[in-house]
Amino acid sequence: MDVDTRLLRYFAVVAEEGHLTRAAGRLFVSQPALTKQVKQLETQLGVELFTRSRAGMALTEAGRSLAERAPAVLQAWDVALRETRRASSRAAHVLRVGFVASAANESTQTIVAAFTRRRPSWRVDMRQTDWSDPTAGLADGLVDVALLRLPVPGQDRLRVEVVLTEPRWVALPSSHPLAELAEIPFQRLWDEPFVATPPESGWWRDYWLATDERDGHEVRIGAVARNPDEWLSAIANGYGVSLTPEATARFYQRPGVIYRPVTGVSPSQVGVAWAPADDDNQVVGDFVRACLQHRASPDTPAAPGG
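Draft legend 1. Geometry of the overall build of the protein. The secondary structure content of the protein amounts to nine helices and 13 strands. In terms of C-alpha radius of gyration, the protein reaches 21 Å, essentially the compact-globule figure of 19 Å for 306 residues. Counting only C-alpha atoms and orienting by the principal axes, one finds that the protein spans roughly 65 × 55 × 35 Å. Every one of the 306 residues in the protein was classed for burial, and the buried ones make up 47%. In the protein, the proportion of contacts linking residues at least 24 apart, taken out of those at least 6 apart, comes to 72%. For the protein, the computed accessible surface area is about 14800 Å², with 51% contributed by carbon and sulfur atoms. Side chains of the protein give 34 positive and 37 negative charges; the mean places of these two sets differ by 3 Å.

Put into structure tokens, the structure is as follows:
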């Protein structure tokens, strides 16, 4: 019997958490979608893996047996998959770099050029993902290294170095009454509907809604966007406002959308991230070093492979 490794991965997280909501948050998926995937796995195997109750998800005897073996199976598959992709990239002399939105802003081209000077026979393949995956494919091994908007879910399982820090601004419909202000106190935005990233983006979504900086004030969601085009359209159509990095005002101009500085909210950071398995990867190390050239500091940590 062939079982989708994604189903097995979902099962393993639910088994570890013992709770669908917490597991859905870790996996960046909605709870109904996760419930459907677990049921699909049970149907394929022909066994009941969980006993469901209001208290959570308790493993059956069959579920406990699978839970004991699933981590080793998944780890072996992850290693095989990553090594296969790395071998392909090495053979083609291509470094896969994931990113979301504007990557490292204007520094992106400079970083790529600095890497190319270090590795003249290599090509950088920039791969953009939508906002449902804040790790830009790094968590799934789809890229070798990534330029990410921090913080991201699962960051503690990656190697991350901050490349730059910039303020968070707000994007507003140009007809919005607050657009008349030169800068906007965040508290003035608390009652506004917000354009949010998809629920499967986990607490990355909460960060861009600044849920921890609202003094307990409930967030109103006016629309959901998976990428910059959907986001800009939702704001221009008046469905909501949105916090965004300062650089967005330079990279994403759209009729009907304006940007203003926001006070009373923490800044945004861009980081370069890679998997711990690539600590000795000289090529990834050269890309990280190219990124850190923009962060001159006497205590800059060593890049991988250094």
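What follows continues from the structure just given.
Draft legend 2. Here's a closer look at the layout of surface pockets. The space that makes up the largest pocket amounts to roughly 1300 Å³. What lines the largest pocket is a set of 37 residues, and nearest its centre among them are Arg9, Asp78, Arg82, Ala139 and Asp140. Among the elements of the structure, helix H1 (5-17), helix H2 (20-27) and helix H4 (61-92) are those that each provide at least two residues to the lining of the largest pocket.

Draft legend 3. Molecular detail of the confidence of the model for the protein. In this model, the protein carries an average pLDDT of 89, and 93% of its residues clear a pLDDT of 70 or more. Contacts for the low-pLDDT stretch residues 296-301, under 50 throughout, to residues beyond four places or in other chains number five contacts.

Draft legend 4. Expanded view of empty space enclosed by the protein. For the coordinates displayed, the defined rule picks out two cavities of 30 Å³ or more. As for the largest cavity, its lining consists of 21 residues, and the residues nearest its centre are Trp131, Trp208, Leu243, Thr244 and Pro245. When contributions to the lining of the largest cavity are tallied by element, the ones reaching two or more residues are strand S9 (193-196), helix H6 (203-209), helix H7 (228-236) and strand S11 (242-245). Among the elements that take part in the lining of the largest cavity, S11 stands out by supplying four residues, more than any other. Approximately 50 Å³ is the volume attributed to the second largest cavity. Around the second largest cavity sit Arg82, Arg86, Arg96, Leu138, Gly141, Val143, Asp144, Ala275 and Asp278, which together line it. Of the residues belonging to the lining of the second largest cavity, the class tally is three nonpolar, one polar and five charged.

Draft legend 5. Molecular detail of unusual backbone geometry. Cis peptide bonds are those with omega within 30 degrees of zero, and the linkage from Leu150 to Pro151 qualifies with -5 degrees. On the secondary structure map, Pro151 appears in the loop between strand S5 (145-150) and strand S6 (159-166). Its identity as a non-glycine residue notwithstanding, Ala101 has a phi of 50 degrees, on the positive side. On the secondary structure map, Ala101 appears in the loop between strand S3 (94-99) and helix H5 (107-118). Of note in the backbone geometry, Ala210 takes a positive phi value of approximately 55 degrees without being a glycine.

Draft legend 6. Structural context of the sheet that holds S11. The four strands lie next to each other as S8-S12-S7-S11, forming an open sheet whose pairing is mixed. Edge positions in the open sheet fall to strand S8 (184-185) and S11, since each of these has one partner strand only. Both S8 and strand S12 (residues 257-263) contribute to a ladder of two bridges, which runs parallel. Bridge assignment links Pro185 to a residue of S12, and that residue is Thr263. Running at roughly 90 degrees to S12, H7 makes contact with strand S7 (168-173), S11 and S12 of the sheet.

Draft legend 7. Spatial organisation of the pattern of salt bridges. Counted under the stated rule, the structure contains 15 salt bridges. We note a salt bridge from Arg96 to Asp144, for which the minimum N-O separation is 2.6 Å. Within this pair, whereas Arg96 is found in strand S3, its partner Asp144 is found in the loop between strand S4 (123-128) and S5, the two being separated by 48 residues in sequence. For Glu106, the salt bridge identified is with Arg250, shortest N-O distance 2.7 Å. With Glu106 in the loop between S3 and H5 and Arg250 in helix H8 (residues 248-251), this pair connects stretches of sequence that are 144 residues apart. By relative accessible area, Arg250 is classed as partly exposed at 45%. Among the ionic contacts, a cluster of salt bridges with common partners joins Arg119, Asp286 and Arg289.

Conventions used here
- Residues numbered from 1 in each chain as written.
- Predicted model: local features only at pLDDT ≥ 70, side-chain atom pairs only at ≥ 80, totals over all residues.
- Heavy atoms only, no water.
- Helix = DSSP H or I, 4+ residues; strand = E, 2+ residues; numbered from the N terminus.
- Rg over C-alpha atoms; globule rule 2.2 N^0.38 Å.
- Buried < 20%, exposed > 50% of the residue type's maximum accessible area, 1.4 Å probe, protein only.
- Contact = heavy atoms within 4.5 Å.
- Areas by Shrake-Rupley, 256 points an atom, 1.4 Å probe, with all protein chains shown as cover.
- Lys, Arg positive; Asp, Glu negative; His and termini not counted.
- Charge placed at Lys NZ, Arg CZ, Asp CG, Glu CD.
- 1 Å grid on protein atoms, 1.4 Å probe; cavity = no way out; pocket = protein on both sides within 12 Å on 5 of 7 lines; lining within 4 Å.
- Points joined across faces, edges and corners; volume = space filled by probe spheres on them.
- pLDDT = per-residue confidence, 0-100.
- Nonpolar A, V, L, I, M, F, W, Y, C, P; charged D, E, K, R; others polar.
- Pairing = 2+ DSSP bridges.
- Axes fitted to C-alpha atoms, helices over the stretch in contact; angles between N-to-C directions.
- Salt bridge = Lys/Arg side-chain N within 4 Å of Asp/Glu carboxyl O.

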